[in-house]
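Reading the structure
Listed here are the chains, written in short residue letters.
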Amino acid sequence: MANGGGDPVILATAGYDHRIRFWQAHSGICHRTVQHPDSQVNALDITPDKQLIAAAGYQHIRMYDINSSNPNALINYEGVQKNVTAVGFHEDGKWMYTGGEDHTAKIWDLRSRTLQCQRIFQVKAPVNCVTLHPNQGELYVGDQSGSIHCWDLKTDVNEHLIPEPDAAITSVSIDPMGTLMAAVNNKGNCYLWTMNSSRSNGPSNLHPKKKFQAHTKYILKCLFSPDSTLLATTSADGTCRIWRTADLSLCTELKDKAQRWVWDCAFSGDSQYIITASSDNNARLWSVNTGEIKREYSGHEKAVVCLAFRDEVVS
Amino acid sequence: MAMMDNVDFLISHIRNAFVTSDDTSMSEWVITECRAQDETELKRDSNPRYNRNNMNIRSDSMSDCPSDNEIKGSMDIHPDMDFGAHRRRSNTAQRLERLKKEKRTQSKMKTIQWKDAPETYKAEEKGHLFEKRNLPELPNTGSNIPDQNISTTTFQNVPVPPVLEVTSASSSPSKKAKGVSILSQQLEELDSHGSNPFFKYAKFDGRTAGGLPTRKLEIFLAFAPPEHRGYPMSILVTAHAKAQEVVGLICWQYTEEERKPDLQSVAGHIDPNDFVNKFSLHMAEDDGEIDTDFPPIIPTDPVSKYGFTKFALVANAPVQPKSALVTINVPNRGFNKFQVDSMTVTMRELMDKVIKKRKIKLRPGLNYTLEKTGKSEIGKPVDLDAMLGSMNCLEFYLIRENSSRGDAESNGEEDQKMAESLMSHQYKSFIVSMVHKLRTNTEVQLGISGDKIEIDPVSVKGTARLFRQKAVTYDADCVAACDITETKSNGRAVFRMTYLNGTDYKQHYFEAEQSTATEIVEKVNNILELKFSPVRKEFVFSQEKKALQKRDSIKRESSVKLGH
């Protein structure tokens, strides 16, 4: 992936204080803060070329330049009703996907104004999360009513499943190898499926693998590690738990007295570290194996609810 | 929708927003409904982003709203709210201006509106845009998962799959093979060559604060080589930072800029969590000279409190004696004096010192606290976790909870009285009104000294000569008594002076402000007590006799009554 001369490691956090902070991940120093006026930030993601960061807020998605000191957004995507709750990119930067409380998932053409890629996917409840399958061809949309919609982009075929009625799906994750899918809900339950994308004309086949109670309170996010061996779940109980995907045994519990809701997390490229974002205004870097806090990113004045992180693996 | 995780705050916010602009009072309806709905949904789980059922379960609502009181309190009406006499411009004008401003900042921002695709999606035409990528086949992945062959899509009958031995067994060697990430490398590097120990103060750096109010300060470094001393280091600090945090930020930036001499050599070993006693911040002149007329800035004060922006950072400050002599009074039991080495010692440590020294037994339920000296501080215990430096006081009282300074303080009052009585021989004059039985009061000057009491008329024009009071002087030895006879509701008091004229006791009545009257009576009585002249003795004796007789007569009367 082109790097464009910027820092190979990028960490940004944002939340309710209308600011996006950029950190030196290894030292914990905030090196830049940009304002995100009029709205909190619900989700962040970095473009594959590491040039821009997208912040999803109320009725808009704004793109900021990562490698300059420009305090204002470069591009403002609007025309969305209500909150945008999820944002992400195709790995070649062809298009951007978003999900929102307007009951839709959208695909935005990024390359030009040709609108070739513009797609919209309507569901019946506010969308909480949208995840792109690593094969870049399927979107998994989790909604407030408890459905996970599997949308095969090429064929436009979609299926949906409801692992637990009346429990909102808060997050869906697919491991980088495309063999496992996890979904979590607001009852503290985590569901796991095995996947295989042998089908050519529709979304991957899903086989239920396991259901387990990962937390006693809401789970806000689940995420597979880049090496697919770990699954992190973050919860309203103030912890982030890391499970071994092999047997779903608890690997580490990341816990701190000051920590409150843990909203978001991201693994380092080698799956040795994890960064979490919490309502106590801090983000933290933890060692996955020991569960100790390595760095604290403090500076936000309100809850930190999302983060975006890019790391690179050197051989 | 704002995703606040505090229901109370939200409802209060909505209500306030409505109340200020809604004169139909329909808003109350909305809120009542909303509240009711809110409670019914308490039982139902929902997404935390929607936060309807947070109130009972979680404790996450503290930080996003300042305090409970603020929520429950009535709404604030600010002068800039758009109604009534405060309204200066129309809503439209304001909105237009805001739009204009936004437009200015957005002029460089490209805005892209969502547009639906011009034609409906056809896989044949556009399918190539959404091609799937082949994922690399990895040997140790889910392909090893035993095939479940379950037709149902529910989790009801899923057998717990056996442990994936392949994945778990190969996990550790595979990690090594995969190499490390850049973040891990950077972390390791930083750990090996030591990070900036003042790291936690970096967040007060205004350069990265992004829109927060900041202050630029010029810091003269007293420990820099002489040729550099005149050149201040400028720092940009967030406006709310305390002096202590500013010191931390200076140290951080100093270390970060790799200035010499390094701080370790200046101040010895530095514990970043407790180095405030190593450095102190002083006011400085424009040329960098340390202003020694003032003590160092109190570490817990916000720097924004000080109007000036030039400070000097002094290491191991010799400018002010760091040690201080602290006096702690223990009511009824004298006082202890302590030499403390640093103004950063907490009040609790001081108190514990006294308690230990005094061997005061601490029983459960018996708590001690400290109060500053001075009458205005009575009943105001100091914050025991505060530092001595922030007290601006070096004398304290050790007070047991629910107790008072007791007679330690009243001793002081007695001392004062004693001093007054010793002063009572000195001449002092008062202007008072002399009360006559048959005519209006006349103003006189009452001069009192240890030997004499003079009554001098104050000449008032137009007063008939006839009525003028003659100037008289009484020898202090013939004054028998002086007491207040009446206090009036207008704040004045009448007092009486009894003197011996030949063989008879005579009285003069005077009227004065109550405080003056009290002072005169006390002064005269002090003199009488000290002199204890025969006249006084005689008078006191006769008074006592009278009282005794009275009592006897009462006794007799009552016994007579009882006899019946």
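Keep in mind it's a predicted model, so treat the numbers as computed, not measured. Every chain's residues receive numbers from 1 upward, in the order its sequence appears when written. For this description, chains carry letters from A and ligands carry numbers from 1, given in the order in which they are written. Under the rules for a predicted model, residues below a pLDDT of 70 receive no local features and side-chain atom pairs below 80 are neither given nor counted, while totals for whole chains, interfaces and linings still include all residues.

**Considering the overall build of chain B**
Summing up its helical and strand segments, chain B has 14 helices and 16 strands in all. The buried share of chain B, reckoned over its 564 residues, is 20%. A sequence separation of at least 24 residues applies to 58% of the contacts in chain B between residues at least 6 apart. Secondary structure elements follow DSSP: runs of H or I no shorter than four residues count as helices, runs of E no shorter than two count as strands, and numbering proceeds from the N terminus. Burial in this document is a count-based property: other C-beta atoms within 10 Å of a residue's C-beta are tallied, and the residue is buried at 20 or more, exposed at 12 or fewer, or partly exposed in between, with C-beta positions derived from the backbone. It is the C-beta atoms, placed from the backbone, that decide contacts: two residues are in contact if theirs lie within 7 Å.

**Here's the deal with the sheet that holds strand β22 (residues 250–255) of chain A**
All names here are of chain A. Here four strands make up an open sheet; going across it, the order is β19-β20-β21-β22 and the pairing antiparallel. Every other strand in the sheet has two partners, leaving β19 (219–224) and β22 as the edge strands with one partner each. Neighbour-to-neighbour, the strand axes of the sheet open up by a mean angle of 15°, direction not taken into account. Only strands joined by at least two bridges in the DSSP assignment are considered to pair. Across five bridges, strand β20 (residues 230–235) lies against strand β21 (residues 239–244) in antiparallel orientation. Residue pairing in the sheet places Thr234 in a bridge with Cys240 of β21. Only the contacting stretch of a helix is used when fitting its axis, a line to C-alpha atoms as for every element, and angles between N-to-C directions run 0 to 180 degrees.

**Let's talk about the UniProt feature "repeat: WD" (unreviewed entry) in chain A**
All names here are of chain A. UniProt positions are given in the numbering used here, feature names are shortened, and annotations may be inferred rather than shown by experiment. When the UniProt feature table is mapped onto this chain numbering, "repeat: WD" (unreviewed entry) sits at residues 77–112, 212–243 and 266–296. As annotated, residues 212–243 has a helix share of 0% and a strand share of 59%, and its two end C-alpha atoms lie 11 Å apart. Each end of residues 266–296 is marked by a C-alpha atom, and these two atoms are 14 Å apart; helix forms 0% of the span and strand 58%.

**Some points on the sheet that holds strand β4 (residues 279–283) of chain B**
Residue and element names in this part refer to chain B. On the basis of which strands lie adjacent, the open sheet formed by four strands has the order β3-β2-β5-β4 and mixed pairing. Taken across any chain shown, the strands that pair with only one partner, and hence form the sheet edges, are β3 (233–238) and β4. Averaged over neighbouring strand pairs, the angle between their axes works out to 35° when direction is ignored. Note: strand β2 (residues 214–221) against strand β5 (residues 310–315), four bridges, orientation parallel. Each bridged residue has a counterpart across the sheet, and for Phe220 the counterpart in β5 is Ala312.

**Description of helix α11 (residues 347–358) of chain B**
Residue and element names in this part refer to chain B. Given the number of residues in a helix, its expected span is that number minus one, multiplied by 1.5 Å. End to end, α11 covers 17 Å across 12 residues, agreeing with the expected 16 Å (1.5 Å per residue, within 8%). Where α11 is concerned, the buried positions are Met347, Leu350 and Val354. Looking down the long axis of α11, one finds its buried residues gathered within 60° of arc, a one-sided arrangement. Against the buried residues of α11 lie β6 (324–329), β7 (335–340), β8 (368–372) and β9 (395–400). After α11 finishes, the residue Lys359 shows a positive phi value of roughly 55°. Relevant arc is that of directions from the helix axis to the C-beta atoms, nothing else.

**Thoughts on the nonpolar core**
Grouped together as the largest cluster of nonpolar side chains are 138 residues, with contacts concentrated most on Leu44, Ala182 and Leu307 of chain A together with Leu313 of chain B. Top element by residues in this core is helix α9 (residues 243–256) of chain B. It accounts for eight residues. With near-sequence residues (within four places) excluded, Leu307 of chain A lies in contact with Leu11, Ala12, Thr13, Leu44, Asp264, Ala266, Ile275, Ala277 and Ala283 of chain A. Nonpolar cores are built from buried Ala, Val, Leu, Ile, Met, Phe, Trp, Tyr and Cys residues. These are joined into a set through C-beta atoms within 7 Å. Of all hydrophobic cores here, the second largest spans 23 residues; its members include Ile448, Val479, Cys482 and Ala512 of chain B.

**A look at the confidence of the model for chain A**
Per-chain confidence: chain A averages 90 in pLDDT, with 97% of residues scoring 70 or above. When the elements of chain A are averaged for pLDDT, strand β3 (residues 29–35) of chain A gives the smallest value, 88, and strand β4 (residues 43–46) of chain A the largest, 95. Scored between 0 and 100, pLDDT is the confidence that the predictor attaches to each residue.

**Re α9 of chain B**
Residues and elements named next belong to chain B. Between the first and last C-alpha of α9 there are 20 Å, a value that for 14 residues agrees with the 20 Å anticipated at 1.5 Å per step. Across the 14 residues that make up α9, a large majority, 12, are buried. Contacts from the buried residues of α9 go to β2, β3, α10 (263–267), β4 and β5. Glu258 sits one or two residues past α9 and shows a positive phi near 50°.

**Considerations on the pairing of β20 of chain A**
All names here are of chain A. By the criterion of burial, β20 is predominantly enclosed, with six of the six residues buried. On β20, burial covers both faces: Leu230, Ala232 and Thr234 on one face and Leu231, Thr233 and Ser235 on the other are all buried. The antiparallel pairing of β20 with β21 creates a hairpin that spans three residues between the two strands, and Gly238 there sits at a positive phi of about 85°.

**Side note on the environment of Leu187 of chain B**
The topology assignment puts Leu187 of chain B in helix α8 (residues 182–193). Overall, the presence of 23 C-beta atoms within 10 Å leaves Leu187 of chain B in the buried class. Apart from the residues within four sequence positions on either side, Leu187 of chain B is in contact with His26 and Lys294 of chain A.

**Notes on unusual backbone geometry**
Residues and elements named next belong to chain A. The residue Lys50 is not glycine, and still its phi comes out positive at about 60°. Here Lys50 shows up in the loop between β4 and β5 (52–56). Within the chain, Asp156 stands out as a residue other than glycine whose phi angle is a positive 65°. Secondary-structure assignment places Asp156 in the loop between β13 (148–152) and β14 (158–161).

**Focus: the environment of Gly93 of chain A**
Residue and element names in this part refer to chain A. Within the secondary structure, Gly93 sits in the loop between β7 (75–89) and β8 (95–100). Looking at Gly93, the number of C-beta atoms within 10 Å reads 16, which means it is partly exposed. Ignoring sequence-local partners within four residues, the contact set of Gly93 consists of Thr47, Pro48, Asp49 and Leu110.

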